[in-house]
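Commentary on secondary and tertiary structure
Next come the chains, spelled out residue by residue.
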Amino acid sequence: PVDIGDLLMKISGVNLKSYGSLGGLKTVSMRGLGSNHSTIVKDGFSINNTQTGQINLGQIEVDNVVGIVSSVGERYTSVLPISAQVSGSNFLIKTFENTFSSDTLQIRSSLKYGSFNQQFAYLGVKYQPKNWFFSVTGAFRKSTGNYNYSYKNGLLQINDTRLNNDYQDYNIGASIGRKWKNKSFRLGFKKSNIDQGLPGAVILYNATQDERMTTSNESFFADFQSNGECVVLRTYANVRLNHLNYTDPTFLNVSGGIDVTYFNRNITGGIAISTIEKKHWTLNGGTEFILSDLREDGQNFDHPSRFHNISLVGAKYRLKKYTFLAQLSSQYITENNPNGLSGKDRFKVNPFVSIERNSSSKMKLNQVLWYRNSFRMPSFNELYYNNIGNNLLKPEEAHQFNYGVSFLPIQKKIKWLVKSNVYFNRVNNKIVAIPTKNLFVWSMQNVGITNIYGFEVILDAKYQMTKAMMFSINANYSYQRTIDVTDKDSPTYKNQIAYIPLHTANFD
């Protein structure tokens, strides 16, 4: 795959919005919910962007990835960042350079070349003497994107070449880790820089396309985890700095063009705790604080800052055949905008309940029924962007219901696993952009209500042909009926939401 987005397409229920190939914006949503409802977690640290609320998966390298786990119900581990534990869904990315392993020295590298001068290079080195690890990585991608196209103007056939579609990025990083008998510590740094042209629309008789965008990301992260006899405790901190520069030298205005830079900062710190199961009980909880702000090098732009606290407490009770799980989370958000009106303070309580039945038969039939309530805050752009932002926006709230069945029909030479889920999601206060004065001046409003009906089935089979050879099949299919139920008089009423396919399937 070219990037993380291509890899996530293999997960059941995932919908990828891709606006172009290398360098194009790619966002992911799970089961019809918007991409803002999903949390991307890389090596145990959430990736945040409060300016847009979305993470561009096209800018996340993939050669260093060793595994991805997705979840929409119970979370994969109880020491995840608290923000990931309360979100509508999450994707956990595990990389080569930030994990402990048994080998003393590991080297991963790749070189690729493709059409339109696409160039890829990656090198990662990890040295692990005894209980330490040291790693350094670097990656480079480039493409000119000068593909040919043709169109007709009346009877005239016009052949041309795409302009201003070049892309170039690099990633560098370094990490250090220390492991004791039941404790571990990690510290790392990551930097990326992206320089790309924005090709825009093909306009007849006007080949001028010179808008450009440069993005720079820096992150510093550290965590400490203790696995005691009774309690597992993890503390973590993460700082992310994002600089985005947009230029349009031919834009017709008084200053003779556009050259603007945005600075988005996110500082995260938290603690997650989970007890070891004792007398059928397991308890977990934690709290997380997120400080973020947005600055712009102009004088008239709003400069908002946000304080976000997320807390969680939960309990699991396990019997021979049944497992009960209940969690309650709270979120408090307060904002300050010195250059204008501030968004309202928000406080929200979100529950999660689950009941699972495990069969002791040979087929190991498992059934699970759960409900999750979650919400996502409006981004800074939605609240404050010039002529568009609406500081009265309410958070977008999602109600998720799911019934799932999994069983193992055959467990001999061929090992089968079949999983199926039926689900219903309802999104209230959906944030939508509506054109008002013109195509540049829009209005951000809470007007949307969406109902999502879905079904998915996953098949995994493995056949051990010899001691040294195995044949495996993995296939999944998803049906997602995502309809707009906002306004009976709307032409889109009870129609499928744009960019969400009715049927998706994957086979490996």
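Reference entry: report on the structure contained in this document. (Residues numbered from 1 in each chain as written. Predicted model: local features only at pLDDT ≥ 70, side-chain atom pairs only at ≥ 80, totals over all residues. Heavy atoms only, no water.)

Considerations on the overall build of the chain
The condition that has to hold: Put simply, DSSP marks the helices as runs of H or I at least four residues long and the strands as runs of E at least two long, and each gets a number from the N terminus on. The globule rule is 2.2 Å times the number of residues to the power 0.38, and the radius of gyration it is compared with is taken over C-alpha atoms. Buried means the residue's accessible area, taken with a 1.4 Å probe over protein chains only, is under 20% of the maximum for its type, while exposed means over 50%, and partly exposed covers the values in between.
Scanning the chain from terminus to terminus reveals three helices and 26 strands. The C-alpha radius of gyration computed for the chain amounts to 24 Å, which stays within 12% of the reference 23 Å derived for 508 residues, consistent with globular compactness. The principal-axis extents of the C-alpha atoms in the chain amount to approximately 70 × 50 × 50 Å. Here the chain, with 508 residues, has 45% of them falling under the buried criterion.

Re the sheet that holds strand β3 (residues 38-42)
As a reminder, the rule being used: Strands were regarded as paired on the criterion that DSSP finds at least two bridges between them.
Pairing within the open sheet is mixed, and its four strands lie in the order β4-β3-β6-β5. Each edge of the sheet is formed by a strand with only one pairing partner; in this case those strands are β4 (45-46) and β5 (65-71). The pairing of β3 with β4 spans two bridges and is antiparallel. Across the sheet, Lys42 pairs through a bridge with Phe45, a residue of β4.

Details of a nonpolar patch on the surface
Put simply, the rule reads: Like-charged residues are merged into a patch within 9 Å and nonpolar side chains (Val, Leu, Ile, Met, Phe, Trp, Tyr) within 5 Å, provided each residue has over 30% relative accessible area and no salt bridge. For accessible areas, the Shrake-Rupley method is used with a probe of radius 1.4 Å. Any residue's cover is judged against the shown protein chains and nothing else. For this analysis, a salt bridge means a side-chain nitrogen from Lys or Arg found within 4 Å of a carboxyl oxygen belonging to Asp or Glu.
On the surface, Leu105, Ile107, Leu123, Tyr127, Trp132 and Phe134 cluster together into a nonpolar patch covering about 600 Å² of accessible area. Within the residue set of the nonpolar patch, elements represented by two or more residues are β7 (105-114), β8 (118-127) and β9 (132-143). Structurally, the position occupied by Phe134 is in strand β9. Classification of Phe134 as partly exposed rests on a relative accessible area of 36%.

As for the pairing of β3
Along β3, five of the five residues are buried, which leaves the element largely enclosed by surrounding structure. Covered by surrounding structure in β3 are Ser38, Ile40 and Lys42 together with Thr39 and Val41, the residues of both alternating faces. The hairpin formed by β3 and β4 contains two residues between the paired strands, and Asp43 there has a positive phi angle of roughly 55°.

Some remarks on the packing of aromatic side chains
Applied cut-off: Note on ring pairs: Phe, Tyr and Trp rings are taken, using the six-membered ring of Trp, and paired if centres are within 6.5 Å. Classes follow the plane angle, with under 30 degrees stacked, over 60 edge-to-face and the rest tilted.
Counted according to the given criterion, the structure contains 14 aromatic pairs. Here the aromatic rings of Phe45 and Phe221 are separated by 5.1 Å at their centres, their planes lie at 45°, and the arrangement is tilted. One end of the pair, Phe45, is in strand β4; the other, Phe221, is in strand β14 (residues 212-227), and 176 residues separate them in sequence. A residue is classified by how much of its surface remains accessible, and Phe45, at 6% relative accessible area, is buried. With a centroid separation of 5.0 Å and 40° between ring planes, the pair formed by Phe189 and Phe220 is classed as tilted.

Here's the deal with unusual backbone geometry
Backbone geometry at Arg31 places phi at a positive 55°, although glycine is not the residue there. Residue position: Arg31 is located in the loop between β2 (25-30) and β3. The backbone phi angle of Lys279 is positive, close to 55°, even though this residue is not glycine. Here Lys279 lies in the loop between β16 (258-275) and β17 (281-296).

Brief notes about the nonpolar core
Put simply, the rule reads: As used here, the term nonpolar core means buried Ala, Val, Leu, Ile, Met, Phe, Trp, Tyr and Cys residues forming a set that is joined through side-chain atoms within 4.5 Å. A contact between two residues is defined here by any heavy atoms of the two lying within 4.5 Å.
Among the nonpolar cores identified, the biggest contains 20 residues, and Ile4, Leu8, Val14, Val28, Ile40, Leu57 and Phe91 are the most heavily contacted of them. Secondary-structure elements contributing two or more residues to this core are α1 (4-8), β1 (14-19), β2 and β6 (89-95). Setting aside residues up to four positions removed in sequence, Val14 forms contacts with Leu8, Val28, Ser29, Met30 and Phe91. Ranked by size, the runner-up nonpolar core spans 12 residues in total, among them Phe301, Leu383, Leu393 and Ile431.

Things to note about the side chain of Thr482
One can find Thr482 in strand β25 (residues 469-484). In this structure Thr482 comes out as buried when scored by relative accessible area, which is 1%. Apart from the residues lying within four places of it in its own chain, the contact partners of Thr482 are Gly32, Thr450, Asn451, Ile452, Asn495, Gln496, Ile497 and Ile500.

Quick look at the environment of Tyr147
Note on placement: Tyr147 falls in the loop between β9 and β10 (148-153). In the structure, Tyr147 is positioned 60 residues away from Ala207 in sequence and 15 Å away in space, judged by C-alpha atoms. Not counting residues up to four positions away in its chain, the partners in contact with Tyr147 are Phe116, Asp160, Thr161, Arg162 and Asn165.

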